[in-house]
Amino acid sequence: MCEGRIHSTESFGSVDGPGVRFLIFLQGCRLRCRYCHNADTWLTDGGVLMSADELLDKAERCRPYWGKTGGITVSGGEPLLQIDFLLDLFRKAKRRGINTCIDTAGQPFTREEPFFSKFEELCTLCDLFLVDIKHIDPAAHKSLTGAFNGNILDMLRYLSDIGKPVWIRHVLVPGVTDDDEALRKTREFIDTLKNVEKIEVLPYHSMGAYKWKELGLSYALEGTQPPAADRIKNANDILNGLI
Ligand code: SF4
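Residues numbered from 1 in each chain as written. Predicted model: local features only at pLDDT ≥ 70, side-chain atom pairs only at ≥ 80, totals over all residues. Heavy atoms only, no water.

S.K.: Explain the overall build of the protein chain to me, please; I cannot follow it from the model alone.
M.R.: Looking only at helices and strands, the protein chain features eight helices and eight strands. Its C-alpha radius of gyration of 17 Å places the protein chain within 12% of the 18 Å reference for a compact globule of 243 residues. Across the 243 residues of the protein chain, 52% fall into the buried class. Residue pairs in contact within the protein chain that sit at least 24 positions apart in sequence constitute 75% of those at least 6 positions apart. For the protein chain, the accessible area works out to roughly 11,000 Å², and carbon and sulfur atoms hold 52% of it. Once the 30 positive and 34 negative side-chain charges of the protein chain are each reduced to a mean point, those two points are 2 Å apart. (Helix = DSSP H or I, 4+ residues; strand = E, 2+ residues; numbered from the N terminus. Rg over C-alpha atoms; globule rule 2.2 N^0.38 Å. Buried < 20%, exposed > 50% of the residue type's maximum accessible area, 1.4 Å probe, protein only. Contact = heavy atoms within 4.5 Å. Areas by Shrake-Rupley, 256 points an atom, 1.4 Å probe, with all protein chains shown as cover. Lys, Arg positive; Asp, Glu negative; His and termini not counted. Charge placed at Lys NZ, Arg CZ, Asp CG, Glu CD.)

Written out as structure tokens, the structure reads:
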């Protein structure tokens, strides 16, 4: 039996995909985003082991609240790091008629095997991808997250080629991810994709800073304030092609 490393679950998510959703946070992430509010999900050997059926039984207790659009969203951490478990979970979810969504930063994506064949199958089982574009510029992405973004953008191109629905999300951090030129380049990239159903700006907040301190780390964005309302509107307007 395949088991996943689970950080936590939430019964009633309302912002990570359509409708009311049962959220599953998988343990483990190789990025180190300076604004990460889930630093306690980073270690790949943490979390608790659970089977797909255990999770789905738990999720289905909330099914009466899902209506026609709800379901499950798997987030993290980085869910694609546990792609074997994700496949097992989504195969079983589809047998139960459950709507499935993945919230990913795309960092493990590669067109090389054995990952790519697994990802191809995952796409047949996942109804919607929520994908972060953390920064469009490779060097700025590396400075922000510790890794370049070429494979992440390539994953978005692949999802476009196969017509898989995607929502794009961008965390807006003053002085880090909010300059107009980068936002316009992000929009230019989005214009090359055929499958984007929604673009969301997520305003930075520091509510996860205490987790860095609990891990004995100094918080990378100490003193950074949330973006002002006019900057949020500006980013929303640029990314949605309105200005
Ligand atoms: S990808 Fe998500 S979980 Fe990983 S470091 Fe970035 S914000 Fe944190």
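S.K.: Would you mind going over the sheet that holds strand S3 (residues 48-51) with me for this structure?
M.R.: The strand order across the open sheet built from eight strands is S3-S1-S2-S4-S5-S6-S7-S8, with neighbouring strands paired in mixed fashion. With one partner strand each, in any of the chains shown, S3 and strand S8 (196-203) form the two edges of the open sheet. Ignoring which end each strand starts from, the neighbouring axes of this sheet average 30 degrees apart. Two elements, strand S1 (residues 3-13) and strand S2 (residues 21-26), share five bridges in a ladder whose sense is antiparallel. Within S2, the position partnered with Ser8 by the bridge is Phe25. Each of S1, S2, S3 and strand S4 (71-75) is contacted by helix H1 (residues 52-60), which is oriented at about 80 degrees to S3, the strand it contacts most. On the sheet, helix H2 (residues 83-95) packs against S1, S2, S3, S4 and strand S5 (100-104) and is oriented at approximately 155 degrees with respect to S5. (Pairing = 2+ DSSP bridges. Axes fitted to C-alpha atoms, helices over the stretch in contact; angles between N-to-C directions.)

S.K.: Explanation requested: the environment of Thr73 in the structure shown.
M.R.: Residue position: Thr73 is located in strand S4. Discounting chain neighbours no more than four positions away, the residues touching Thr73 are Asp16, Arg21, Phe22, Leu23, Ile24, Cys101 and Asp103. Engagement of the side chain of Thr73 in a polar contact is seen with the backbone oxygen of Asp16, the distance being 2.6 Å. For Thr73, the side chain forms a polar contact with the side chain of Arg21, separated by 2.7 Å. (Polar contact = N/O pair within 3.5 Å; in protein donor to acceptor, adjacent residues only side chain to side chain.)

S.K.: Help me out: how do you make sense of the pairing of strand S7 (residues 166-172) in this one?
M.R.: Side chains on a regular strand alternate between the two faces of the sheet. By the criterion of burial, S7 is predominantly enclosed, with seven of the seven residues buried. As paired strands, strand S6 (residues 128-132) and S7 are joined by four bridges and run parallel to one another. Note on S7: the bridge partner recorded for Val131 is Ile168. Pairing between S7 and S8: seven bridges, direction parallel. Bridge pairing in S8 links Leu172 to Pro203. In terms of handedness, the path from S7 via helix H6 (residues 180-191) over to S8 forms a crossover that is right-handed. (Right-handed = clockwise from strand over helix to strand, strands pointing away.)

S.K.: Just checking my understanding: could you explain unusual backbone geometry for this structure?
M.R.: Trans is the common state for peptide bonds, and a negative phi is the common state for residues other than glycine. Residue Gly77 is bonded to the preceding Gly76 through a cis peptide linkage, with omega at 10 degrees. Mapping Gly77 onto the fold places it in the loop between S4 and H2. Put simply, Glu113 and Pro114 share a cis peptide bond, and its omega is 10 degrees. Locating Pro114 in the fold gives a position in the loop between S5 and helix H3 (115-125).

S.K.: Sorry if this is basic, but what is going on with the side chain of Thr186 here?
M.R.: Topologically, Thr186 is positioned in helix H6. Among the residues examined, Thr186 registers a relative accessible area of 3% and is labelled buried. Those residues in contact with Thr186, other than ones at most four positions away along the chain, are Ile133, Ile136 and Leu239.

S.K.: Can you walk me through the site of the ligand in this structure?
M.R.: Neighbouring the ligand are Cys29, Leu31, Arg32, Cys33, Cys36, Thr41, Trp42, Gly77, Ala105 and Lys134. Grouping the amino acids of the shell around the ligand by side-chain chemistry returns six nonpolar, two polar and two charged. (Near = heavy atom within 4 Å. Nonpolar A, V, L, I, M, F, W, Y, C, P; charged D, E, K, R; others polar.)

Interpretation in functional terms is not warranted from these geometric data alone.
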